[in-house]
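# Coordinate analysis (summary)
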Amino acid sequence: MIKEVKLNSIILGDAYEVIKKIDSKSIDLIVTDPPYLISKGSSGNGRISKQMLKLTNELQDSDVANGIKLDILDEFMRIMKKPNIYIWCNKKQILPYLDYFVGIHKCSFEILTWIKTNPIPTCGRNYMNDKEYCLYFRKGISLHTTYQTGKTYWITPTNVKDKKLYGHPTIKPIDIIKTLIQNSSAPGDVVFDCFLGSGTTAVASKELERNYIGIEKNSDYYEITLQRLLSC
Ligand SMILES: C[S@@+](CC[C@H](N)C(=O)[O-])C[C@H]1O[C@@H](n2cnc3c(N)ncnc32)[C@H](O)[C@@H]1O
């Protein structure tokens, strides 16, 4: 049961504060895409192209590349009925998330990968920045995967069209998010995302007849989500 926060609502606010209002054991599935952890102006070995530097600095300024405070993971565990969570991340964040969910909470895990066919065509002396990870952690949860939906990678271009349409720099492809929701929840379940961006998780949930709760702190992205939800 959720008392303070209504089902099928999105909230303009700070995830770290608003999540405290969600009842314990009230959420069936979390699908979330928190800020990645990208060091400003650095690629690891000090070499970075001008194009990559510009992108990194833009992402940092719009608050989608500063990582998260890891104590929110305790809140995620508190609000889920059973551990059932997808978290998008970059390479640097894999280890802390695995440590937490597998090391401490003994969840099963899967590393899903989105490989982008149109990455920024530069790498300095590093490997190219052409994939993103989606970690899945669960305990006591059965999947509804099929031959079509059970693969662990997607190979697609970045969705430039949706980026332009909805104005979010790191919008996720809705088809991937729908696959995750279908594989790990049932109609009527409650899906939660407290780093909602342009609302992809909420829109996918609504279209799949799941309930949703979302939080986003940027008022422009919050408004975009409201509009997307109205027209789906
Ligand atoms: C990676 S983006 C999510 C993009 C989303 N998956 C989509 O498809 O549009 C992360 C979002 O988290 C938001 N955010 C960052 N810190 C936040 C916080 N403390 N509370 C709520 N939202 C936050 C950012 O404004 C950004 O829109």
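Procedures and definitions
Residues numbered from 1 in each chain as written. Predicted model: local features only at pLDDT ≥ 70, side-chain atom pairs only at ≥ 80, totals over all residues. Heavy atoms only, no water. Helix = DSSP H or I, 4+ residues; strand = E, 2+ residues; numbered from the N terminus. Buried < 20%, exposed > 50% of the residue type's maximum accessible area, 1.4 Å probe, protein only. Contact = heavy atoms within 4.5 Å. Areas by Shrake-Rupley, 256 points an atom, 1.4 Å probe, with all protein chains shown as cover. Pairing = 2+ DSSP bridges. Axes fitted to C-alpha atoms, helices over the stretch in contact; angles between N-to-C directions. Near = heavy atom within 4 Å. Polar contact = N/O pair within 3.5 Å; in protein donor to acceptor, adjacent residues only side chain to side chain. Phe/Tyr/Trp six-rings, centres within 6.5 Å; stacked < 30°, edge-to-face > 60°. Lys NZ or Arg CZ within 6 Å of the ring centre and 35° of its normal. Core = buried A, V, L, I, M, F, W, Y, C linked by side-chain atoms within 4.5 Å. Expected span 1.5 Å × (residues − 1). Bend = angle between axes of the 7 residues up to and from the residue. Parallel < 35°, antiparallel > 145°, perpendicular 65-115°, else oblique. Left-handed = near helix turned anticlockwise from the far one by under 90°. Nonpolar A, V, L, I, M, F, W, Y, C, P; charged D, E, K, R; others polar.

### Focus: the overall build of the protein chain
A tally of regular secondary structure across the protein chain gives eight helices and eight strands. Burial statistics for the protein chain: of 232 residues in total, 48% are counted as buried. A sequence separation of at least 24 residues applies to 76% of the contacts in the protein chain between residues at least 6 apart. Counting only carbon and sulfur atoms, one obtains 54% of the accessible surface of the protein chain, whose full area is about 11800 Å².

### Overview of the sheet that holds strand S3 (residues 84-89)
Taken together, the eight strands give an open sheet; going across it, the order is S1-S8-S7-S2-S3-S5-S4-S6, and neighbouring strands pair in mixed fashion. Only two strands of the sheet have a single neighbouring strand rather than two, namely strand S1 (9-12) and strand S6 (153-156). Here the strands of the sheet are splayed against their neighbours by 15° on average, with no regard to which way each runs. The strands that helix H4 (residues 91-104) touches are S3, strand S4 (108-116) and strand S5 (131-138); relative to S5, the one it contacts most, it runs at about 5°. Relative to S1, helix H8 (residues 219-230) is tilted by about 165°, and along the sheet it contacts S1 and strand S8 (211-216).

### A closer look at the site of the ligand
The ligand sits among 22 residues. The nearest are Ala15, Asp33, Ser198, Thr200 and Glu216. Asp14 places a side-chain nitrogen or oxygen 2.9 Å from a nitrogen atom of the ligand. Lys172 is positioned such that a nitrogen or oxygen atom in its backbone is 2.9 Å from an oxygen atom of the ligand. The fraction of the free accessible surface of the ligand (600 Å²) that becomes covered by protein chains is 97%.

### A closer look at the packing of aromatic side chains
Taken as a whole and judged by the stated rule, the model has six aromatic pairs. Ring plane angle 15° and centroid distance 4.0 Å describe the contact between Tyr86 and Tyr136, whose orientation is recorded as stacked. In this pair, Tyr86 is assigned in strand S3 and Tyr136 in strand S5, connecting sequence segments 50 residues apart. As far as burial versus exposure is concerned, Tyr86 and Tyr136 are alike and both buried. Clustering of aromatic rings is evident, with ring pairs tying together Trp88, Trp114 and Trp154. Lys69 extends its terminal NZ or CZ atom over the ring of Tyr16, reaching a point 4.4 Å from the ring centre. Across the ring face of Trp88, the terminal group of Lys172 is positioned such that the distance to the ring centre comes to 5.1 Å.

### Section: the environment of Tyr133
As for its placement among the helices and strands, Tyr133 is situated in strand S5. When the C-alpha atoms of Tyr133 and Asn90 are compared, they prove to be 5.9 Å apart, with 43 residues separating the residues in sequence. Those residues in contact with Tyr133, other than ones at most four positions away along the chain, are Tyr36, Ile87, Trp88, Cys89, Asn90, Lys91, Ile94, Ile111, Leu112 and Thr113.

### As for the nonpolar core
Residues Ile72, Leu73, Phe76, Phe101 and Phe192 are the most contacted members of the largest nonpolar core, which totals 33 residues. Looking at this core, the elements that each hand over two or more residues are helix H1 (15-18), helix H3 (72-79), S3, H4, S5, strand S7 (190-193) and S8. Leaving out residues up to four positions away in the same chain, Ile72 has contacts with Ala15, Tyr16, Ile19, Cys194 and Phe195. Tyr36, Trp114, Ile181 and Ala202 belong to the second largest nonpolar core, which has 26 residues in total.

### Considerations on the side chain of Asn183
Relative to the elements of secondary structure, Asn183 occurs in helix H6 (residues 174-184). Asn183 sits in the buried class, given a relative accessible area of 6%. With residues near it in sequence (within four places) discarded, Asn183 still touches Tyr86, Leu143, His144, Thr145 and Thr149.

### So, H4
For an α-helix, the turn length of 3.6 residues means that residues three or four places apart are oriented alike. Its 14 residues place the ends of H4 20 Å apart at the C-alpha level, agreeing with the 20 Å of an ideal helix rising 1.5 Å per residue. Of all the bends found along H4, the most pronounced is centred on Leu98 and spans about 30°. Restricting attention to buried positions, one finds in H4 the residues Gln93, Ile94, Tyr97, Leu98, Tyr100 and Phe101. Phi turns positive, to about 55°, at Lys106, one or two residues after H4.

### What to know about the packing of H6 against helix H7 (residues 200-207)
It is at 9 Å that the axes of H6 and H7 come closest, and there the two elements cross at 60°. Between H6 and H7, the interaxial angle falls into the category oblique. Our pair here, H6 against H7, has a crossing hand that is right-handed. In this structure, H6 contributes Ile174, Ile177, Lys178 and Ile181 to the contact, and H7 contributes Thr200, Thr201, Val203, Ala204, Ser205 and Glu207. In terms of residue class, the contact of H6 with H7 is built from five nonpolar, three polar and two charged.

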